[in-house]
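# Secondary and tertiary structure notes
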Amino acid sequence: MPTARDLMTEGAACATTDQTVSEAARRMRDLGVGALPICDDDGRLAGVITDRDIVVNCVAEGHDVTETTVAGYVTGKPVTIGADDDVAEALRTMVDHDVRRLPVIDGHDLVGMLAQADIARALPPQQVGELVGAISEPG
């Protein structure tokens, strides 16, 4: 069975905790991604900000995206997957935590991002349908 490392997008770019939401949004646009890991001053993963966070939790609430920093999106320990964990574990983690993207770590180092789409390309169609259905169910 493939591992997270086999399917992930390598070299995930990070937003730093002091960057504004606007800067993070521009970076997402430039990279063509829907989520950015947030790293602290030591380069360790502190959280993740998604395009949905920006729209629903910042813009829709009337916050100034040029003043609000991504540090506000660091809440608790981020949900991650180990680089050598198999795809079944990644699926369980996505479903259990209702997320579509997972930062991939090797020890304490962020080595990539694993998205629902990455897994979907590697699985048989029936399993893809089950994954999408489980993650998309209202919780």
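Throughout what follows, the structure given in this document is the object of discussion. (Residues numbered from 1 in each chain as written. Predicted model: local features only at pLDDT ≥ 70, side-chain atom pairs only at ≥ 80, totals over all residues. Heavy atoms only, no water.)

### Quick look at the sheet that holds strand E7 (residues 109-115)
Taken in spatial order, the four strands line up as E1-E7-E6-E5 in an open sheet, and their pairing is mixed. Two strands bound the open sheet, and with one partner strand each, they are strand E1 (9-10) and strand E5 (81-82). Summarising the sheet, E1 and E7 pair through two bridges and their orientation is antiparallel. Bridging from a neighbouring strand, Glu-10 pairs with Gly-112 of E7. Against the sheet, helix H4 (residues 87-97) makes contact with E5, strand E6 (101-106) and E7, and its axis sits at roughly 130° relative to E6, the strand it touches most. (Pairing = 2+ DSSP bridges. Helix = DSSP H or I, 4+ residues; strand = E, 2+ residues; numbered from the N terminus. Contact = heavy atoms within 4.5 Å. Axes fitted to C-alpha atoms, helices over the stretch in contact; angles between N-to-C directions.)

### What to know about the state of the cysteines
Scanning the model with the defined rule gives one disulfide in all. The residue that forms a disulfide with Cys-14 is Cys-39, at a sulfur-sulfur distance of 2.2 Å. Remark: Cys-39 occurs in strand E3 (residues 35-39) and Cys-14 occurs in the loop between E1 and strand E2 (15-16); sequence separation between them is 25 residues. Cys-39 matches Cys-14 in its accessibility class, with the two residues each being buried. The thiol sulfur of Cys-58 is not disulfide-bonded, and the nearest other cysteine sulfur, from Cys-14, lies at 19 Å. (Disulfide = S-S within 2.5 Å. Buried < 20%, exposed > 50% of the residue type's maximum accessible area, 1.4 Å probe, protein only.)

### Concerning the nonpolar core
Residues Ile-81, Val-87, Ala-90, Val-104, Leu-114 and Ile-119 are the most contacted members of the largest nonpolar core, which totals 14 residues. Of all the elements in the fold, those that place two or more residues in this core are helix H1 (4-7), H4 and E6. In terms of residues, this core owes the most to one element, H4, which gives four residues. In this structure, Ile-81 is in contact with Ala-4, Glu-89, Ala-90, Thr-93, Leu-102, Pro-103, Val-104 and Ile-105, ignoring residues within four places of it in sequence. Listed in part, the 12 residues of the second largest apolar core include Ala-13, Ile-54, Val-70 and Tyr-73. (Core = buried A, V, L, I, M, F, W, Y, C linked by side-chain atoms within 4.5 Å.)

### Some remarks on a negative patch on the surface
Where like charges cluster on the molecular surface, the negative patch consists of Asp-18, Glu-23, Asp-41 and Asp-42. Mapped onto the elements, Asp-42 comes out in the loop between E3 and strand E4 (45-50). (Patch = residues over 30% accessible without salt bridge, like charges linked within 9 Å, V, L, I, M, F, W, Y side chains within 5 Å. Areas by Shrake-Rupley, 256 points an atom, 1.4 Å probe, with all protein chains shown as cover. Salt bridge = Lys/Arg side-chain N within 4 Å of Asp/Glu carboxyl O. Lys, Arg positive; Asp, Glu negative; His and termini not counted. Charge placed at Lys NZ, Arg CZ, Asp CG, Glu CD.)

### Structural notes on the packing of helix H2 (residues 21-31) against helix H3 (residues 51-59)
Viewed as axis vectors pointing N to C, H2 and H3 meet at an angle of 145°, and their least axial separation amounts to 10 Å. You can see that H2 and H3 cross each other, and the crossing is left-handed. Seen from H2, the contacting residues are Val-21, Ala-25 and Met-28; seen from H3, they are Asp-51, Ile-54 and Cys-58. Its residues placed into classes, the contact of H2 with H3 shows five nonpolar, no polar and one charged. (Left-handed = near helix turned anticlockwise from the far one by under 90°. Nonpolar A, V, L, I, M, F, W, Y, C, P; charged D, E, K, R; others polar.)

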